[in-house]
Amino acid sequence: MVSIDVHNASVDFPIFDAKTRSLKKAVLGKVGGKIGTEARVPIIEALHDITLSLRDGDRVALVGHNGAGKSTLLRLLSGIYEPTRGTSEIKGKIAPVFDLAVGMDPEISGMENIFIRGLFLGMTRKQMQERVEDISHFTELGDYLHLPLRTYSTGMRVRLALGVVTSIDPEILLLDEGIGAVDAAFMAKARDRLVDLVRRSGMLVFASHSDELLFELCNTAIWMDEGRIKMHGDLREVLTAYKGRDPLEQMSPETLERLGETR
Amino acid sequence: MPLGEPPVVSTTVQVTSAIDIPASPVVHSGRSWARAAKDIRDGVAARELWGHLGWQDIKQRYRRSVIGPLWITMSMGVTAAGLGLLYSQLFGIAVNTFLPYLTVGFIVWGFILGCLTEGSDAFISNEGLIKHLPAPLTVYALRTVWRQTLMMLHNMLVYAVVLALFFGSIAAGGYTLSPNGAPQPGLSWTMVLAIPAFVVLALNGAWVALLFGIISTRYRDIPQVINALTQLLFYATPIVWPVDVLTQKLGPGDWKHLIVELNPLYHFVQILRAPLIGSEQSWHHWVVVGVITVVGWSLAFLAMRNYRARVSYWV
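Residues numbered from 1 in each chain as written. Chains lettered and ligands numbered in written order. Predicted model: local features only at pLDDT ≥ 70, side-chain atom pairs only at ≥ 80, totals over all residues.

Where an unreviewed UniProt entry is consulted, chain B appears under the name ABC-2 type transport system permease protein, with the organism given as Actinokineospora diospyrosa. Chain B has a UniProt comment under Subcellular location (unreviewed entry) that states "Cell membrane". (UniProt positions renumbered as here; feature names shortened; annotations may be inferred.)

In the nomenclature of an unreviewed UniProt entry, chain A is known as ABC-2 type transport system ATP-binding protein of Actinokineospora diospyrosa.

Novice: Tell me what's going on with the overall build of chain B, and back it up with residues and numbers.
Specialist: When you go through chain B residue by residue, the secondary structure sums to 13 helices and 0 strands. Counting from the amino terminus, chain B carries its helices and strands in the arrangement α-α-α-α-α-α-α-α-α-α-α-α-α. Computed over C-alpha atoms, the radius of gyration of chain B comes to 22 Å, within 12% of the 20 Å expected from 2.2 N^0.38 for 315 residues, which places it in the range of a compact globule. With the C-alpha coordinates of chain B rotated into their principal frame, the extents come out at 70 × 50 × 35 Å. With 315 residues in all, chain B has 43% of them scored as buried. By sequence separation, contacts in chain B at least 24 residues apart represent 77% of the contacts at least 6 residues apart. (Helix = DSSP H or I, 4+ residues; strand = E, 2+ residues; numbered from the N terminus. Rg over C-alpha atoms; globule rule 2.2 N^0.38 Å. Buried ≥ 20, exposed ≤ 12 C-beta atoms within 10 Å, placed from the backbone. Contact = placed C-beta atoms within 7 Å.)

Novice: Describe the UniProt feature "domain: ABC-2 type transporter transmembrane" (unreviewed entry) in chain B, and please don't skip the residues or the numbers.
Specialist: UniProt marks residues 51-274 of chain B with the feature "domain: ABC-2 type transporter transmembrane" (unreviewed entry), using the numbering shown here. The distance from the first to the last C-alpha atom of residues 51-274 of chain B is 29 Å, and the span holds 72% helix and 0% strand.

Novice: Quick rundown of the sheet that holds strand β3 (residues 59-63) of chain A? Include the residues and the values.
Specialist: All names here are of chain A. Pairing within the open sheet is mixed, and its 6 strands lie in the order β5-β6-β7-β3-β8-β9. In this open sheet, the two strands that pair with only one neighbour each are β5 (94-97) and β9 (228-234). Within this sheet the neighbouring strands show an average axis-to-axis angle of 15°, counted without direction. Sheet analysis places β3 next to strand β7 (residues 203-207), joined by 4 bridges and oriented parallel. Across the sheet, the residue bridging to V60 is V205, located in β7. Sheet strands in contact with helix α8 (residues 235-243) are β3, β8 (220-225) and β9, and its direction is about 135° off that of β9. (Pairing = 2+ DSSP bridges. Axes fitted to C-alpha atoms, helices over the stretch in contact; angles between N-to-C directions.)

Novice: Would you mind going over helix α4 (residues 125-139) of chain A in detail, with residue names and values included?
Specialist: Three or four residues apart is the spacing at which side chains of an α-helix point the same way, because the helix has 3.6 residues per turn. Residue and element names in this part refer to chain A. Its 15 residues place the ends of α4 20 Å apart at the C-alpha level, agreeing with the 21 Å of an ideal helix rising 1.5 Å per residue. Its axis deflected by about 40° at R131, α4 carries its strongest bend there. Buried within α4 we find M128, I135, F138 and T139. With its phi angle positive at about 60°, E140 sits one or two positions after the end of α4. (Expected span 1.5 Å × (residues − 1). Bend = angle between axes of the 7 residues up to and from the residue.)

Given below as structure tokens:
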């Protein structure tokens, strides 16, 4: 049973500047007594009072303006951040695809990066060995896999990251925006694979600004605004409220047909 | 995931390596001993991961150089040979016993220094990974210690060469490390004590990386403090000078012996160096090291309990 339950969770970031992040301030601050608000570290409330319950089969789109807390929410759901207040309970094997540059070493080959990614996602070397061919086939990178990652284009990195993540059968897939950097042909392929993956296993939370992709992969949506959940419900309703217009209006008839949606 | 496998449970700290563990759901209630222990357990279990990362670090450092990681060996060899020749002349000590002493001292020191300085950097240098991939924090501490271990193994080649060259001198009992110094027993079966000694050293490296790593992530001055102190500690620890010198200058029982006895690093160096060069081993080094191991791990565990979940906020 795959599930995510977040209850009244808040994520507060302490902002240390060069001065507060030193012992001097902590020590002297105590000795010298309180100096107004100076002693306190300023805090950014990135997420505020999030209550969320996701179950098997939920495919959630995450929308909102820049800085609304989408990425932070994804990190909360992945368990990277534990809530500073409230609780979060995550059951399932998580595979996050956030920043494509991170966790990838530019100096080593794509192949070695596949292994490291896989190990981070809880696989063993042997299990990854079995998947290498599949990944290589899916990413279409061929001999490029033996070249250092720094020679890759952004799109090729996206291919690699998606290839690894989709090969390991995760139960909770967390995707941050940025996977749009690949070409249309590969996108179609990736979409099929993602749709298939989501159908087979658990849960998807996907932050993106592309309506088309969201309609393709998701069925519900969360609208984040200033660190709070402003709206959570049917994808089309939420997107309509967020954009102020029906997102399907703008799409071509072919796209609509593929999505199986009607205006 | 194939059918029939138990459902996988992961918590915020632990997503990797638990494929087969159907643990009960964990509610994130922040600080708990169980969560800290779980992090350490899962971290240790992910040995393929930190093993791979640590090895990658070494390869990375010497990428595109012709002899690669052998540079570690080379630089140690050159330093040990040069300083060995120089100091044996300065102190008037026979080079064939002093050079092995100095070489092994350097190798052990290199490991300790690495665990201290790179250990305190363990989380800061892995900022990107910590913020983007959920994995036990312990993985990064073990990555650091493993990297140091691999470097030490490279350096052991220098030891092998030194041993081959000067075996006759240090295998024979009764050699001294300084003129009129205490006679040393010479190499014997006690050499196997080097193995538990190293294990204990690595064990200490792990808590240092966890504890100092957490503190340093919060207070960025700590790595600088450690850097400043290690320089001093190097000269205060009997590595380029034998302890005999102190005994001779001060006479036995002088309070100034505390200079070495109160230096914890001296005891760590000694438990590994003594068996490798067949010098006299005192059991009290093991006692001191044992106490430090227990106290250190307790502190590290406490830090893990209270601040493990904060590290991803602080990096």
